[in-house]
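As a plain string of letters, each chain reads:
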Amino acid sequence: MSANRTGTPVLELDDVHLSFKGVKAVNGVSFEVRPGELFAVIGPNGAGKTSLFNVISGVYKPQQGSVRFLGEDVLGKKPSDIAARGVSRTFQNIALFEHLTLIDNMMLGRHQHISYGAGAAIAWWGRARRQEVEHRRKVEEIVDFLELAAWRALPVGLLPYGVQKRVELGRALAMEPKLLLLDEPVAGMNLEETEDTARFVLDIRDELDVPIIMVEHDMGLVMDLADRVMVVDFGTPITTGTPDEVQRHPDVVRAYLGEELST
Ligand SMILES: Nc1ncnc2c1ncn2[C@@H]1O[C@H](COP(=O)(O)OP(=O)(O)OP(=O)(O)O)[C@@H](O)[C@H]1O
């Protein structure tokens, strides 16, 4: 663990409650994510992990509790506003434009940084062109970082599954996030793709210094990568701690991790 994972939290959730017609999707969840931290959320299907991401990114508004991002209250803010503040996410299912090239998909991640419209582009073409050059430069940097150069000009629909997931990661990084939300980043991947993704996730944390919240079912990956883990069940937090602490927690062993991890 690096030395800088202290200081003002990047994200703070306090006693968040969210229900859908009586179903408690998120039930009294509190946690904080610290600078440079890789924070994982685990729990069985339907435990409320995706709902939690939707609360953080402004898609769902909880009935109770508070959400603070970089010290500011963001509860009730629109998803576009929260994204513009620097919260970027990837999805459980791939959400890319299949017919667009890898580069064009990643340029879409720059969308919120583009400060000129069509009219402005004509009037101030010099500025627009400079911005375009800067966006391309940033995207190319990410292409190199994620080792995607071989596929750069191809429509993403033609790329192998693991590479498509990496393009999605690239698009999220193109937003230059201050917090990255990864929803099951290795779901459906083979071993090699999983190992590659694990390496990139660690590089994002350690080299780009972007804090990450990761929802993931692959327990080996979570325990290997995460600085801290929160376990949820039926929307309720069971415990939060280091991978070691969490794996030893009796309720976690009983409710979720199973007998094999209790030895
Ligand atoms: N838009 C919605 N309308 C009604 N119920 C919902 C909605 N979104 C989530 N739920 C319910 O909230 C609970 C938590 O769902 P959620 O998708 O957050 O769990 P999850 O932990 O992400 O599950 P999985 O691991 O399967 O993705 C479930 O009972 C689900 O049916």
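On a predicted model such as this, the values are computed, not experimentally measured, just so you know.

Here is what the cut-offs are and how they apply
- Residues numbered from 1 in each chain as written.
- Predicted model: local features only at pLDDT ≥ 70, side-chain atom pairs only at ≥ 80, totals over all residues.
- Pairing = 2+ DSSP bridges.
- Helix = DSSP H or I, 4+ residues; strand = E, 2+ residues; numbered from the N terminus.
- Near = placed C-beta within 6 Å.
- Nonpolar A, V, L, I, M, F, W, Y, C, P; charged D, E, K, R; others polar.
- Domains from an automatic or database assignment.
- Contact = placed C-beta atoms within 7 Å.
- Axes fitted to C-alpha atoms, helices over the stretch in contact; angles between N-to-C directions.
- Core = buried A, V, L, I, M, F, W, Y, C linked by C-beta atoms within 7 Å.
- Buried ≥ 20, exposed ≤ 12 C-beta atoms within 10 Å, placed from the backbone.
- pLDDT = per-residue confidence, 0-100.

### Points about the pairing of strand E4 (residues 64–69)
Bridge count for strand E1 (residues 11–20) against E4 is five bridges, and the pairing is antiparallel. The partner of Glu-12 across the bridge, within E4, is Arg-68. For E4 and strand E5 (residues 72–73), the ladder comprises two bridges, and the chain directions are antiparallel. Counted as the bridge partner of Phe-69 is Glu-72 from E5. The hairpin formed by E4 and E5 contains two residues between the paired strands, and Leu-70 there has a positive phi angle of roughly 50°.

### A word on the site of the ligand
By nearness alone, every residue bordering the ligand is listed as Phe-20, Val-23, Ala-25, Gly-43, Asn-45, Gly-46, Ala-47, Gly-48, Lys-49, Thr-50 and Ser-51. Counting residues per element, the shell around the ligand draws most heavily on helix H1 (residues 49–56), at three residues. When grouped by side-chain class, the residues that make up the shell around the ligand number four nonpolar, six polar and one charged.

### Some details on the domain arrangement of the protein chain
One can read the domain layout of the protein chain as domain 1 (1–86 + 177–263) and domain 2 (96–176). Between domain 1 and domain 2, the contact holds 11 residues from the first and 10 residues from the second. For the side of domain 1 that touches domain 2, the secondary-structure elements that each account for two or more residues are helix H2 (79–85) and helix H7 (191–206). By residue number, the principal contributor to the side of domain 1 that touches domain 2 is H7, which donates four residues. Here the side of domain 1 that touches domain 2 is built from residues that sort into eight nonpolar, one polar and two charged.

### What to know about the pairing of E1
Note that E1 and strand E2 (residues 23–33) share eight bridges and pair antiparallel. By the bridge assignment for E2, Leu-18 is matched with Val-26. In this antiparallel pair of consecutive strands, E1 and E2, the connection spans two residues, and Lys-21 shows a positive phi of 40°.

### As for the sheet that holds strand E3 (residues 38–42)
Strand order in this open sheet of six strands is E6-E7-E8-E3-E9-E10, and the pairing throughout is mixed. Both edges of this open sheet fall to strand E6 (87–90) and strand E10 (236–241), since each of them pairs with a single strand only. On average, adjacent strands in this sheet sit at an angle of 15° to one another, irrespective of strand direction. Bridge count for strand E9 (residues 228–233) against E10 is five bridges, and the pairing is antiparallel. Bridge pairing in E10 places Val-231 opposite Thr-239. Along the sheet, H1 makes contact with E3, E6, strand E7 (179–183), strand E8 (212–215) and E9, crossing E7 at roughly 150°. Running over the sheet, helix H6 (residues 161–174) touches E6 and E7 and is turned about 170° from E6.

### Looking at the sheet that holds E2
Read from one edge to the other, the open sheet built from four strands follows the order E2-E1-E4-E5, with strand pairing classed as antiparallel. Strands with a single pairing partner mark the edges of an open sheet, and in this sheet they are E2 and E5. H1 rests against E1, E2 and E4 of the sheet, and its axis sits at about 60° to E2.

### Focus: the nonpolar core
Ranked by internal contacts, the top residues of the largest apolar core, which has 61 residues, are Ala-40, Val-41, Ile-56, Leu-180, Leu-181, Ile-212 and Met-214. In terms of residues, this core owes the most to one element, H6, which gives six residues. When we break this core down by domain, the ones giving at least three residues each are domain 1 (1–86 + 177–263) and domain 2 (96–176). When near neighbours in sequence (up to four residues on either side) are disregarded, Ala-40 contacts Met-214, Glu-216, Val-222, Ala-226 and Val-229.

### Notes on the environment of Thr-240
Along the polypeptide, Thr-240 turns up in strand E10. Spatially, the C-alpha atoms of Thr-240 and Ser-30 are 9.7 Å apart, while their sequence positions differ by 210 residues. When near neighbours in sequence (up to four residues on either side) are disregarded, Thr-240 contacts Phe-31, Arg-228 and Met-230.

### Points about the environment of Leu-52
With respect to the secondary-structure elements, Leu-52 resides in helix H1. It is 14 Å that separates the C-alpha atoms of Leu-52 and Ile-82, two residues lying 30 residues apart in sequence. Beyond its immediate stretch of four places on either side in the chain, Leu-52 contacts Val-26, Val-29 and Val-41.

### Thoughts on the confidence of the model for the protein chain
Here the protein chain shows a mean pLDDT of 87. Residues at 70 or above account for 87%. Every residue in residues 259–263 scores below 50 in pLDDT, and together they form three contacts with partners more than four places removed in sequence or on other chains. Scored as a complex, the prediction yields pTM 0.88 and ipTM 0.91.

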